[in-house]
Amino acid sequence: MNEITLRVNGTPHKVAVDDTTVLLDALRQRIGITSTREGCGVGACGACTVLADGTSVSSCLASAVRYDGVPLTTADGLAEDDPVVSSFVDSDAMQCGYCIPGFVLMTKELLAENPTPSDEEIADHLEGNICRCATYPEIIKAVRLAADRTAP
């Protein structure tokens, strides 16, 4: 076992993990972060997305020890009035909501890199995330609205 510090949403958490513990399990089972979810378990659906120092990571595939001390952001750490979160709510961009935390974090990453993405750039950036309820039109609308709300 290794003791590492996961810095989640600005709060340090000391957790004991072994070399095979994936970041998703450390976040959910040891810290209690519930917005990070397992969908496919093979990094193909995006439900487990977290931001590591601003870069998206499939936490179901990532070794927890690799993120010792790295600033991590989960959807739990975003305020209700965050422009991306409020845009998803205002656009009704969810049905069951299981996948939405991953889409929200991918949108945060996209807008940090490109504040005014085209529809094609939005689709390209979100292509690794799957919504089983197929609310893709509303998700694209939410990303456009978030871009408008965060535009410089």
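Residues numbered from 1 in each chain as written. Predicted model: local features only at pLDDT ≥ 70, side-chain atom pairs only at ≥ 80, totals over all residues. Heavy atoms only, no water.

The chain is annotated in an unreviewed UniProt entry as (2Fe-2S)-binding protein from Streptomyces phaeolivaceus.

Asks: For the domain arrangement of the chain, give the residues involved together with the corresponding values.
Replies: Each assigned domain of the chain is listed with its residue range as follows: domain 1 (2–77) and domain 2 (83–150). Distance between the C-alpha centres of domain 1 and domain 2: 21 Å. At the junction of the two partners, domain 1 supplies 17 residues and domain 2 supplies 12 residues. Across the domain 1/domain 2 interface, buried area totals approximately 1100 Å², and carbon plus sulfur atoms make up 57% of it. (Domains from an automatic or database assignment. Contact = heavy atoms within 4.5 Å. Buried area = accessible area lost by both parts, 1.4 Å probe.)

Asks: I'd like a description of the pairing of strand 1 (residues 2–8), backed by residues and values.
Replies: Summarising the sheet, strand 1 and strand 2 (residues 11–17) pair through seven bridges and their orientation is antiparallel. Among the inter-strand pairings, Glu3 is bridged to a residue of strand 2, identified as Ala16. Between strand 1 and strand 2, which pair antiparallel and follow one another directly, the connecting turn spans two residues, one of which, Asn9, has a positive phi of 55°. With two bridges joining them, strand 1 and strand 5 (residues 71–73) adopt parallel strand pairing. When the sheet's bridge partners are listed, Val8 is paired in strand 5 with Leu72. (Pairing = 2+ DSSP bridges. Helix = DSSP H or I, 4+ residues; strand = E, 2+ residues; numbered from the N terminus.)

Asks: Can you lay out helix 4 (residues 119–126) for me, pointing to particular residues and giving the numbers?
Replies: Among the residues of helix 4, Ile122, His125 and Leu126 are the ones counted as buried. End-on view of helix 4: buried residues confined to an arc of 90°, all on one side of the axis. Those residues of helix 4 that are buried lie in contact with helix 3 (100–113) and helix 5 (136–150). (Buried < 20%, exposed > 50% of the residue type's maximum accessible area, 1.4 Å probe, protein only. Arc of directions from axis to C-beta.)

Asks: For the packing of helix 2 (residues 83–90) against helix 5, give the residues involved together with the corresponding values.
Replies: Two numbers describe how helix 2 lies on helix 5: the axes approach to 8 Å, and their chain directions differ by 140°. Considering their axes alone, helix 2 and helix 5 lie oblique with respect to each other. Viewed along their axes, helix 2 and helix 5 form a crossing whose handedness is right-handed. Contacts between helix 2 and helix 5 pair Pro83, Val84, Ser86, Ser87, Phe88 and Asp90 from the former with Ile139, Ala142, Val143, Leu145, Ala146, Arg149 and Thr150 from the latter. Here the residues of the contact of helix 2 with helix 5 are counted per class, giving eight nonpolar, three polar and two charged. (Axes fitted to C-alpha atoms, helices over the stretch in contact; angles between N-to-C directions. Parallel < 35°, antiparallel > 145°, perpendicular 65-115°, else oblique. Left-handed = near helix turned anticlockwise from the far one by under 90°. Nonpolar A, V, L, I, M, F, W, Y, C, P; charged D, E, K, R; others polar.)

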